[in-house]
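Coordinates in review
As a plain string of letters, each chain reads:
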Amino acid sequence: MITKNWLELDNAAQIFPAIRRANWVNTFRVSVNLTDPVDPVCLQQAVNDLKDRFPSLYVKLGSGLFWYFLEQTAAPPTVQQDYAYPLTHMSAREQAKCCFRVFYYRNRIAVEFFHALTDGSGAMVYLKTLTAQYLRRKYGIFIPNEKGVLNPVDLPRAGELEDAFLDAAGDFPASRKEEDAFRLRGTREPSGFNHLLTGVLPTDLLVRAAKKFNVTVTAFLSGVLIESILAIQKQSVPDGREKPVKITIPVNLRNLFPSETLRNFALVVNLGVDPRLGDYSLQEICTEVKNQMQVEITPKKMASRIASNVRPQQAAALRAAPRFIKTFAMRMVYSSVGESKGCLNLSNLGQIKTPAEMEPYIDRFDFIIGVQYTYPNNCSVASYKNTTCINFIRNIRETDLEQRFFSRLVELGIPVKVESNDS
């Protein structure tokens, strides 16, 4: 339980206020499509009900002489009708009032978070709990507190609020040295508009295709993405000047270390192939990604990566430095070892499960990560029952990546229904 009305940022969260710009901030969205239209009054009641249960989310961003911090809000956010494209810019003024938003549109409930609060896994716990409380309010039904649905009247457990990186950090920090990757480019939308292209496909056929290549779904989708980007690079870069093609994959560290935190507890790895070594078949790419996952995503390797982030935070000289110096240092580190090492993110929440009592009221879940400051494209995935939604977001006009990716899935025997916010 929080005994004060503010929280320190967790280790991963500290970078996000430092690297935000006047026209960009790191945000993401989780949403659920229901079988009936959303009642905004019941939704607001459900949002209000969860304020004390999720004290690390009902916060605003504050700033002091030495650090940014999260301060609890006086009131829950007001639910809004979805009025524009997903993940419109969340300004510093808005973050100073509340760092997440709740939207509704027809049958959809959507929640958008400033990444300093939580990651996709923590956000999904909130969305499932919010949806359960909304269904209780609207229909008066019983929903058990299981499968990620928390009891709204319980006090938050201490483990839910911990900075889990501190306990998971190893003794030996890993090197940050890594070769730069090929960069996707295009014609930026001057208005800042985010194009969203969603592929809706059968989960069972996606799993079957991945098994044919003897890899996980994440490795398979990464392989198809890499194959698509290799083709784009071949068309746009002269021979001999190619760069590695790597996908940035967030790893849910809760699967490797014991933690129930609802704050950030994920770390990225960059996995891919080097076209300078020769041509690759899709099978070779998938196998490469699988092998790299097995080598890199282990408790020891991830603990070492965590240590390279935690050690500077604990250094006495940095702790004593004013916030503007910390911000400058974090921006320099991010520009040198952040987005330059991958082509785009692929973030897969996997198979989302809910209590059986909720299933008749839910059609699907979606997960959308925003574009990065220099990545014009990003990709995120969520599955519910036999529906998988693959969301591509971009702030450029060109659609080459999505067209190649979804066309390849169809060639591999996976039917894809495409939705777009351009229509």
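Attention here is on the structure that accompanies the text. As the structure is a prediction and not an experimental result, all values here were calculated from the model.

Some details on the side chain of Asn 345
Its location among the elements puts Asn 345 in strand 11 (residues 344–352). Judged by relative accessible area, which is 9%, Asn 345 ranks as buried. Setting aside chain neighbours within four positions, we find Asn 345 in contact with Thr 248, Ile 369, Gln 372, Tyr 375, Asn 378 and Cys 379.

Notes on the sheet that holds strand 6 (residues 100–105)
Spatially, the five strands line up as an open sheet ordered 5-6-7-2-12, and their pairing is mixed. The open sheet is flanked by strand 5 (80–81) and strand 12 (362–369), the only strands paired with a single partner. Alignment of strand 6 against strand 7 (residues 108–114), held across six bridges, turns out to be antiparallel. Bridging from a neighbouring strand, Tyr 105 pairs with Arg 108 of strand 7.

As for the packing of aromatic side chains
Throughout the structure, instances matching the rule amount to 20 aromatic pairs. Seen in terms of ring centroids, Phe 257 and Phe 265 are 6.3 Å apart; in terms of plane orientation they differ by 55°. Their pairing is tilted. Both residues of the pair, Phe 257 and Phe 265, belong to the buried class. Geometrically, the ring pair formed by Phe 392 and Phe 406 is edge-to-face, given 5.4 Å between the ring centres and 80° between the ring planes. In this pair, Phe 392 sits in strand 14 (residues 387–394) while Phe 406 sits in helix 12 (residues 400–411), placing the two residues 14 residues apart along the sequence. Taking relative accessible area as the criterion, Phe 392 reaches 1% and is therefore assigned buried. Grouped by ring-pair contacts, the aromatic residues Phe 28, Phe 54, Tyr 58, Phe 100, Phe 113, Tyr 126 and Phe 367 constitute a single cluster. Taking NZ or CZ as reference, Arg 21 lies 4.4 Å from the ring centre of Tyr 373, over its face. The ring of Phe 54 is capped by Arg 53, whose NZ or CZ atom sits 5.9 Å from the centre of that ring.

Remarks on the pairing of strand 7
Two faces belong to every sheet, and in a regular strand the side chains alternate between them. Counting buried residues along strand 7, six of its seven residues qualify, which places the element largely inside the surrounding structure. Here strand 2 (residues 27–34) runs beside strand 7; their pairing, made up of seven bridges, is antiparallel. Residue Asn 33 lies in a different strand from strand 7, and its bridge partner there is Arg 108. Counting the residues between successive antiparallel strands, the hairpin from strand 6 to strand 7 contains two residues, one of them, Arg 106, with a positive phi of roughly 55°.

Some remarks on unusual backbone geometry
Although it is not a glycine, Leu 87 sits at a positive phi angle of roughly 60°. By secondary structure assignment, the location of Leu 87 is in the loop between strand 5 and helix 3 (92–95). Owing to a relative accessible area of 6%, Leu 87 belongs among the buried residues under this scheme.

Focus: the side chain of His 195
With respect to the helices and strands, the residue His 195 is situated in strand 8 (residues 195–202). In terms of polar contacts, His 195 uses its side chain to reach the side chain of Glu 189, at 2.6 Å. At 2.8 Å, the side chain of His 195 and the side chain of Asp 422 are in polar contact. Setting aside anything within four residues of it in sequence, one finds His 195 in contact with Glu 189, Phe 392, Ile 393, Arg 394, Ile 396, Arg 397, Asn 421 and Asp 422.

Parameters at a glance
- Residues numbered from 1 in each chain as written.
- Predicted model: local features only at pLDDT ≥ 70, side-chain atom pairs only at ≥ 80, totals over all residues.
- Heavy atoms only, no water.
- Helix = DSSP H or I, 4+ residues; strand = E, 2+ residues; numbered from the N terminus.
- Buried < 20%, exposed > 50% of the residue type's maximum accessible area, 1.4 Å probe, protein only.
- Contact = heavy atoms within 4.5 Å.
- Pairing = 2+ DSSP bridges.
- Phe/Tyr/Trp six-rings, centres within 6.5 Å; stacked < 30°, edge-to-face > 60°.
- Lys NZ or Arg CZ within 6 Å of the ring centre and 35° of its normal.
- Polar contact = N/O pair within 3.5 Å; in protein donor to acceptor, adjacent residues only side chain to side chain.

No statement about biological role is implied by the geometric values presented.
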